[in-house]
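# Descriptive structure summary
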Amino acid sequence: MMGKIEAFIFDLDGVITDTAEYHYLAWKGLAEEIGITFTKEDNEQLKGISRMESLELILKLGGREKDFSQEEKEQLAAKKNEHYVKLIETITPADILPGIEPLLEEIKKHGLKLGLASVSKNAFAVMESLGLKEEFDVIVDAAKIQKGKPDPEIFLTAAKLLNVEASACIGVEDAAAGVDSIKGAGMFAVGVGSEETLHKADVVYTGTELLSYDGILKEFTER
Ligand code: BG6
Ligand code: MG
């Protein structure tokens, strides 16, 4: 049996709210504009990955990785972001995914700390729109790290700022790269999504509505 749990560290896009879908739509729009077919399946590889790395992956998929200068790539990434920012304009607290608010309440009720680990440069804006910015003890976004997921840096930074040991943290992710980041940090990983994509997680739930404090703690203590 493991030690005591002191903190939960959440990914944002696709875990707390369905912005993973908006990232997908914005990338799909851009990909099609430059003649690249981009499917939901391709998108799985992009989840949790930074903006520029995502663009590079899409260009590679279409065999166009050598067709654009650095400046052009930056313009393409900026265009995707403009579209994404439009899509997230209407986000309100009603867009918090089912099961998340009760889980956050339980975490607080038990006196545990709450962290956010998102490589998105839009993380603060989204958290603000959701009305959750003040609920979290620490928000680690792209500005606070050197290496994105799957590197463990982002989850380790969150633990450090929360002043807790990594082994006393539970990370929650919808992306394979995110699960790798959590496991690399030496934390217990909760995956939300398909078992196939997230098989490296310690436990996988198919949707956020299935997340529960007691359920997760039970899984944690049984390992
Ligand atoms: C992650 C998303 O949270 O943030 C990725 O899972 C996204 O899909 C990444 O590319 C970067 O987001 P942004 O808002 O900085 O373009
Ligand atoms: Mg995510």
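The rules behind each value
- For every chain, the first residue of the written sequence is number 1, and numbering continues from 1 onward in sequence order.
- Chain labels run from A onward and ligand labels from 1 onward, assigned in the order the entries are written.
- Given that this is a predicted model, residues contribute local features only at a pLDDT of at least 70 and side-chain atom pairs are listed and counted only at 80 or more, while totals for whole chains, interfaces and linings are drawn from all residues.
- Excluding hydrogens and water, the side-chain values take into account all heavy atoms of the structure.
- Marked domain ranges trace back to an automatic or database domain assignment.
- By definition in these notes, contact holds between two residues if any of their heavy atoms fall within 4.5 Å.
- Note on definitions: buried area is the accessible-area loss of two parts on being combined, 1.4 Å probe, summed for both.
- The term salt bridge refers to a pairing of a side-chain nitrogen on Lys or Arg with a carboxyl oxygen on Asp or Glu at a separation within 4 Å.
- Within 3.5 Å is the distance limit for a polar contact, defined as a pair of N or O atoms, with the added protein rule that one can donate a hydrogen and the other accept it, and that residues adjacent in sequence qualify only through two side-chain atoms.
- Each residue receives one of three labels: charged for Asp, Glu, Lys and Arg, nonpolar for Ala, Val, Leu, Ile, Met, Phe, Trp, Tyr, Cys and Pro, and polar for the others, Gly being one of them.
- Partly exposed residues are those whose accessible area sits between 20% and 50% of the maximum for their type, while under 20% is buried and over 50% is exposed, using a 1.4 Å probe and protein chains only.
- Runs of E in the DSSP output that reach at least two residues are strands. Runs of H or I that reach at least four are helices, and both are numbered from the N terminus.
- A pair of strands is considered paired only if DSSP assigns at least 2 bridges between the two.
- Coordinating N, O and S atoms are those within 2.8 Å of the metal (3.2 Å for Na, K and Ca), and as water is not part of the atoms, a site may appear to have fewer donors than expected.

This paragraph deals with the domain arrangement of the protein. You can read the domains of the protein as domain 1 (7-17 + 93-222) and domain 2 (20-88). Computed over C-alpha atoms only, the centres of domain 1 and domain 2 are separated by 24 Å. Across the contact, 12 residues belong to domain 1 and 12 residues belong to domain 2. The contact between domain 1 and domain 2 buries some 970 Å² in all, and 52% of this surface belongs to carbon and sulfur atoms. In this structure, the connection of domain 1 to domain 2 is made through zero salt bridges. Where domain 1 meets domain 2, there are two residue pairs in polar contact (both at pLDDT 80 or more). Of the residues belonging to the side of domain 1 that touches domain 2, the class tally is four nonpolar, four polar and four charged.

Attention now goes to the pairing of strand β1 (residues 7-10). Side chains A7 and I9 project from β1 onto one buried face, and the interleaved F8 and F10 project onto a second face that is buried too. Sheet analysis places β1 next to strand β2 (residues 113-117), joined by four bridges and oriented parallel. By the bridge assignment, A7 is partnered in β2 with K113. Bridge count for β1 against strand β4 (residues 169-173) is four bridges, and the pairing is parallel. When the bridges of β4 are listed, F10 appears paired with V172.

Let us look at the coordination of the magnesium ion (ligand 2). With distances of 2.0 to 2.1 Å, the protein atoms coordinating the magnesium ion (ligand 2) are D11 (OD), D13 (O) and D174 (OD). In primary-sequence terms, the residues that donate to the magnesium ion (ligand 2) follow D-x1-D-x160-D. Taken together, the residues D13 in the loop between β1 and α1 (19-33) and D174 in the loop between β4 and α8 (176-184) connect sequence positions 161 residues apart. We note that D13, like D174, is buried.

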